[in-house]
Amino acid sequence: MNIKPLSLLLIMLTCFFSGVRADVGDELISTRNTSLLLLARTGEPLKIAYYGARISQIEGSQLWWAGDSYNRHAYPTFNDNCSGESAIMVQHADGQVMLDLAVQKVERKAVDGGELVTISTKDKAKPFYVDVCYRSYTDADMIETWTEIRHGEKKDVVLKQFASGYLPMRGSDAWLTEFHGQWGNEMNLFESQLKPGTVVVKDHDGVRNGFSSHGEVMVSLDGKARENDGRVIGAAVCWSGNYKLQFTTETSHNTLHHLIAGIDEAGSDYRLAPGTTFRTPELAITYSAEGKGGVTRNFHNWARHYKLHNGTAVRDVLLNSWEGVYLDITEDKMHKMMEGVKQLGGELFVMDDGWFASEKYNRDRDNAALGDWYTDKRKLPNGIGGLIDVAKQNGLKFGIWIEPEMGNWKSSDLWEKHPDWFLQYSGYDIRLGRGGTQATLDLCNPKVQDFIFGIVDKLMTDNPEIYYIKWDANANIANYGSPYLGKDRQSQIYVDYHFGLRKVLERIRAKYPKLVIQACASGGGRVTYGVLPYFDEFWTSDDTDALQRVFIQWGTSHFFPSCAMAAHVSASPNHQTGRRIPLKYRFDVAMSGRLGVEMKPSDFNADELKFAQQAVNDYKRLRDVIQQGDLYRLLSPYEGDGMAASLMYVSPDKQKAVFYAYKLKHFVGHDVPRIYLKGLDPDKRYRLHEINKADDGMKYAEGLVVTGRVLMEGGLDAHLGHEYSSRMFELTAE
């Protein structure tokens, strides 16, 4: 038979593409602008072929012809030799450490905001099952992945490793953006090139995972990440406990970076009983060709609409009592602070630590009474109800501080009645934290879970008009021992603690869905999507110094929306750094998040009070844009000579924007760069109005009407001349 060359080519192409047709196992998962392509062939390992900009099913099949398919196992098992690293490792009841997972079936169903795709896999030799799940959010350009692990073996199977997901990324000059810090200095930004070898980002606190490292990262595929352009992938482990993100880079053919992320398996062997299911936390991923800023806006949109409790609600302007009086709570001081909140134009008063006691123990210092949640009638003779009445008289909502996961060892009624409710080593001295007496309760224990739920339930039952709770957590798992868990399950503490916490939070939210709750953990220790489905906001840092907050809030903004980022105006000199900063600068910084005050209003002089009143009034007028608008970071404090930082929020309809600029260093002869605005409609005309105007306000710009194109292409000179100079502008389309 004589076959012409063109016909032969067509036959070869037909054969080549026959294995990648959509009707034989290709699963394309897409959002508005992104796509993930999986190969889910029955009886074969599940593979991932592509993740990036949105493609069609036909374009997906062309990836192989273009030589751009990853063709890697989507959930690598120990010793599968696919990526060189594993996402799951188990020890079966017979002692073997082996898995060979093959696809059984694929299910797709519509869910809120998108679609859920579940690929069921089974070990080829044993009754061991792993469902690999992908949930897409169409409008948010986000995909979550997790696994559900179960088995039908006769005895327990030990999970040695149980990551949430795996993602390959290709880029010969890929850079990692990560965040590290410590108490009072959270979420500093670090960037480095991914080179051959392994990079691990993890946290091992046990309770708070937002201090030393962060479970949110970005990977730029086109060199060092840029703010507004370039291909960038963002990933976040949605877990409240110990996590790990591991990057392994190989260069044997084309440079490929393997991300495996989820719960950190160190010290966490988990015994899975027959017939039970272990669900790993979500790994959220997004892609943008608009640089780090595009990834940020995707995360913010997803958070506000799907991941943050009540994420689209407007947040109130509040005053918290902590830095005003610390533990020295009295009824008179609370009354005066509420009167001050009313004067400022605030809407919510929150009473912090120091309000509770027991008959035996007082909370005059931080070393006693934690766990004894009875109102201290010495300090508050009319109780919480009396304070709520005064708040109502002042037109305010009322909030209160609790720390339900911890207690004072040997200095609380709780310890005397239930010493076995604390995490502790058997036969060893207990390690204690804050105040030299604080320890962590054993949330693995259902009785402790009931107790913690009961703290909130009793507060709300006795005082149903409580609007807000500040939920703190000031200790880690320093004592790796659970009196509740059996001797063969002690290695589950790091995991079961957070399963227990989740059960408590789910019960609270089921009964009190409208209660506003802040996640605080020694400051920013719980800035994590592991808890935010149950919390309305987080305390960003115990450091309220406005200059340092520019950096802390800058890093935090990469993944978390401003509506959840508590930012408070505090006293000068600042209580943490001793720095003296002008009131305008303090307000300009705090007004880029959820505005609050962390001082006694009576400390304002007459001029400062007038300034603060106007600032609060302006914030309430602009907070829809600030809390729900699209964020554009304009001038990074980490780039250039670090002279200044600038950012802005733009409403979705481009009708309104709020601009901020802060001077960070003050030297003679150093110019602040011109700032180029972003996100505006180039053809709209915007009128500029300065907010928090000081004596040296930008008179030339006040009332100026210019097009969005001029502001974005020509830029703006913010005139940051003197030390601690700052600017805040409102832009309104005409």
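Residues numbered from 1 in each chain as written. Predicted model: local features only at pLDDT ≥ 70, side-chain atom pairs only at ≥ 80, totals over all residues. Heavy atoms only, no water.

Within the secondary structure, phenylalanine 453 is located in helix α8 (residues 446-462). Residues phenylalanine 453 and glutamate 148, spaced 305 residues apart in sequence, show a C-alpha to C-alpha distance of 27 Å. If near-sequence neighbours (up to four positions away) are discounted, phenylalanine 453 is found in contact with Val504, Arg507, Ile508 and Lys511. (Helix = DSSP H or I, 4+ residues; strand = E, 2+ residues; numbered from the N terminus. Contact = heavy atoms within 4.5 Å.)

Our next topic: the sheet that holds strand β4 (residues 72-73). What holds strands together in a sheet is hydrogen bonding between their backbones, with the strands either parallel or antiparallel. Across the sheet, which stays open at both edges, the 4 strands sit in the order β1-β2-β3-β4 with antiparallel pairing between neighbours. The open sheet has two edge strands, β1 (26-30) and β4, and neither has a second partner. One ladder, built from 2 bridges, connects strand β3 (residues 47-53) with β4; its direction is antiparallel. Within β4, the residue paired with lysine 47 across the bridge is histidine 73. (Pairing = 2+ DSSP bridges.)

Two side chains carrying opposite charge are able to pair once their charged atoms lie near each other. Under the definition given, this model contains 54 salt bridges. With a closest N to O distance of 3.2 Å, aspartate 366 and arginine 434 form a salt bridge. With aspartate 366 in the loop between β23 (356-357) and β24 (374-375) and arginine 434 in the loop between α7 (413-417) and β27 (438-440), this pair connects stretches of sequence that are 68 residues apart. With a closest N to O distance of 3.9 Å, glutamate 403 and arginine 434 form a salt bridge. Here the residue glutamate 403 occupies a position in the loop between β25 (397-402) and β26 (406-408), and arginine 434 occupies one in the loop between α7 and β27, the gap between them amounting to 31 residues. Given the relative accessible area of 0%, glutamate 403 is considered buried. Connected via shared salt-bridge partners are Glu144, Glu148, Arg279, Glu282 and Lys307. (Salt bridge = Lys/Arg side-chain N within 4 Å of Asp/Glu carboxyl O. Buried < 20%, exposed > 50% of the residue type's maximum accessible area, 1.4 Å probe, protein only.)

A separate point is the packing of aromatic side chains. Summed over all chains, the structure comprises 35 aromatic pairs. Between phenylalanine 349 and phenylalanine 398, the ring centres sit 6.3 Å apart and the planes meet at 45 degrees, which makes this aromatic pair tilted. Placement of phenylalanine 349 in strand β22 (residues 348-351) and of phenylalanine 398 in strand β25 is noted, with a sequence separation of 49 residues between them. In this structure, phenylalanine 349 and phenylalanine 398 share a single accessibility class: buried. Consider the rings of tryptophan 409 and phenylalanine 422, whose centres lie 5.5 Å apart with planes at 85 degrees: the pair is edge-to-face. One end of the pair, tryptophan 409, is in the loop between β26 and α7; the other, phenylalanine 422, is in the loop between α7 and β27, and 13 residues separate them in sequence. Sitting above the plane of the phenylalanine 453 ring, arginine 507 keeps its charged end 4.1 Å from the centroid. For the cation-ring pair, arginine 549 lies above tryptophan 539, with the distance from its terminal atom to the ring centre recorded as 4.9 Å. (Phe/Tyr/Trp six-rings, centres within 6.5 Å; stacked < 30°, edge-to-face > 60°. Lys NZ or Arg CZ within 6 Å of the ring centre and 35° of its normal.)

Right, let's talk about helix α5 (residues 331-344) for a bit. In a regular helix each residue adds 1.5 Å, so 14 residues correspond to 20 Å; α5 covers 20 Å between its end C-alpha atoms and thus fits that length. In the core, the buried residues of α5 are packed alongside β21 (318-320), α4 (322-325), β22, α6 (383-393), β32 (594-598) and α12 (606-628). (Expected span 1.5 Å × (residues − 1).)

Moving on to the pairing of β1. Across the 5 residues that make up β1, a large majority, 5, are buried. Residues of β1 alternate between two faces, with Asp26, Leu28 and Ser30 on one and Glu27 and Ile29 on the opposite face, all of them buried. Of the strand pairs in this sheet, β1 and strand β2 (residues 34-39) are connected by 5 bridges, and their pairing is antiparallel. The partner of isoleucine 29 across the bridge, within β2, is leucine 36. Two successive antiparallel strands, β1 and β2, enclose a turn made up of 3 residues.

Here we come to the nonpolar core. Among the nonpolar cores identified, the biggest contains 133 residues, and Trp355 and Trp471 are the most heavily contacted of them. Of the residues forming this core, the biggest block, 9 residues, is contributed by α12. Residues Leu38, Ala87, Ile119 and Val217 belong to the second largest nonpolar core, which totals 56 residues. (Core = buried A, V, L, I, M, F, W, Y, C linked by side-chain atoms within 4.5 Å.)

This part is about the confidence of the model for the protein chain. Note: predicted coordinates in regions of low pLDDT should not be interpreted at a detailed level. Per-residue confidence for the protein chain gives a mean pLDDT of 94; residues scoring 70 or more make up 95%. Confidence over residues 1-24 falls short of pLDDT 50; this stretch has 17 contacts with residues more than four positions distant or in other chains. (pLDDT = per-residue confidence, 0-100.)

To continue, consider the packing of helix α11 (residues 583-590) against α12. The N-to-C vectors of α11 and α12 enclose an angle of 20 degrees; their axes lie 11 Å apart at closest approach. Here α12 runs roughly parallel to α11, going by the angle between their axes. Between α11 and α12 lies a crossing whose hand is right-handed. Taking contact as the criterion, the partners of Leu583, Lys584 and Phe587 in α11 are, on α12, Glu608, Phe611, Ala612, Ala615 and Val616. In the contact of α11 with α12, the residues fall into 6 nonpolar, no polar and 2 charged. (Axes fitted to C-alpha atoms, helices over the stretch in contact; angles between N-to-C directions. Parallel < 35°, antiparallel > 145°, perpendicular 65-115°, else oblique. Left-handed = near helix turned anticlockwise from the far one by under 90°. Nonpolar A, V, L, I, M, F, W, Y, C, P; charged D, E, K, R; others polar.)

Summarising the element assignment, histidine 335 is placed in helix α5. The class for histidine 335 is partly exposed, based on a relative accessible area of 23%. Sequence separation between histidine 335 and serine 212 is 123 residues, and the spatial gap between their C-alpha atoms is 38 Å. Histidine 335 has contacts with Leu387 and Val390, leaving out every residue within four places of it along the chain.

Relative to the elements of secondary structure, threonine 249 occurs in strand β16 (residues 243-250). Polar side-chain contacts of threonine 249 include one of 2.8 Å to the side chain of histidine 257. Excluding its chain neighbours within four sequence positions, the residues that come into contact with threonine 249 are Leu194, Lys195, Pro196, Gly197, Thr255, Leu256 and His257. (Polar contact = N/O pair within 3.5 Å; in protein donor to acceptor, adjacent residues only side chain to side chain.)

On to the side chain of glutamate 331. Within the secondary structure layout, glutamate 331 lies in helix α5. Nearest to the buried, unbridged glutamate 331 among oppositely charged side chains is lysine 377, at 8.8 Å. Here the side chain of glutamate 331 touches asparagine 382 through a polar contact of 3.0 Å, side chain to side chain. (Lys, Arg positive; Asp, Glu negative; His and termini not counted.)

The next thing to look at is the pairing of strand β15 (residues 232-238). A large share of β15 lies buried, amounting to 7 of its 7 residues. Neither face of β15 is left uncovered, since the one carrying Val232, Gly234, Ala236 and Cys238 and the one carrying Ile233, Ala235 and Val237 both have all their residues buried.

In spatial order, the strands read β33-β34-β35-β38-β36-β37; together these 6 strands make up an open sheet with antiparallel pairing. Sheet topology places β33 (630-635) and β37 (705-707) at the edges, where each strand pairs with a single neighbour. Neighbour-to-neighbour, the strand axes of the sheet open up by a mean angle of 25 degrees, direction not taken into account. Direction of pairing for strand β35 (residues 656-663) relative to strand β38 (residues 726-733): antiparallel, over a ladder of 7 bridges. Bridge pairing links tyrosine 662 to serine 726 in β38. Against the sheet, α12 engages β33, β34 (644-650), β35, β36 (685-690) and β38, with an angle of about 80 degrees to β35.

Two elements in contact, α5 and α6, have axes separated by 10 Å at closest approach and are oriented at 25 degrees. The angle between α5 and α6 falls in the class roughly parallel. Pair α5 / α6 crosses with right-handed handedness. Residue-level inspection shows Glu331, Met334, His335, Met338 and Lys342 of α5 in contact with α6, the latter providing Gly383, Leu387, Val390, Ala391 and Gln393. Across the contact of α5 with α6, the residue classes break down as 5 nonpolar, 3 polar and 2 charged.

Turning our attention to helix α10 (residues 546-556). Along α10, 10 of the 11 residues are buried, which leaves the element largely enclosed by surrounding structure. Taken as a whole, α10 has its buried residues at Ala546, Leu547, Gln548, Arg549, Val550, Ile552, Gln553, Trp554, Gly555 and Thr556. Of the residues flanking the start of α10, the one acting as N-cap is aspartate 545, its side-chain oxygen 3.1 Å from the backbone nitrogen of leucine 547.

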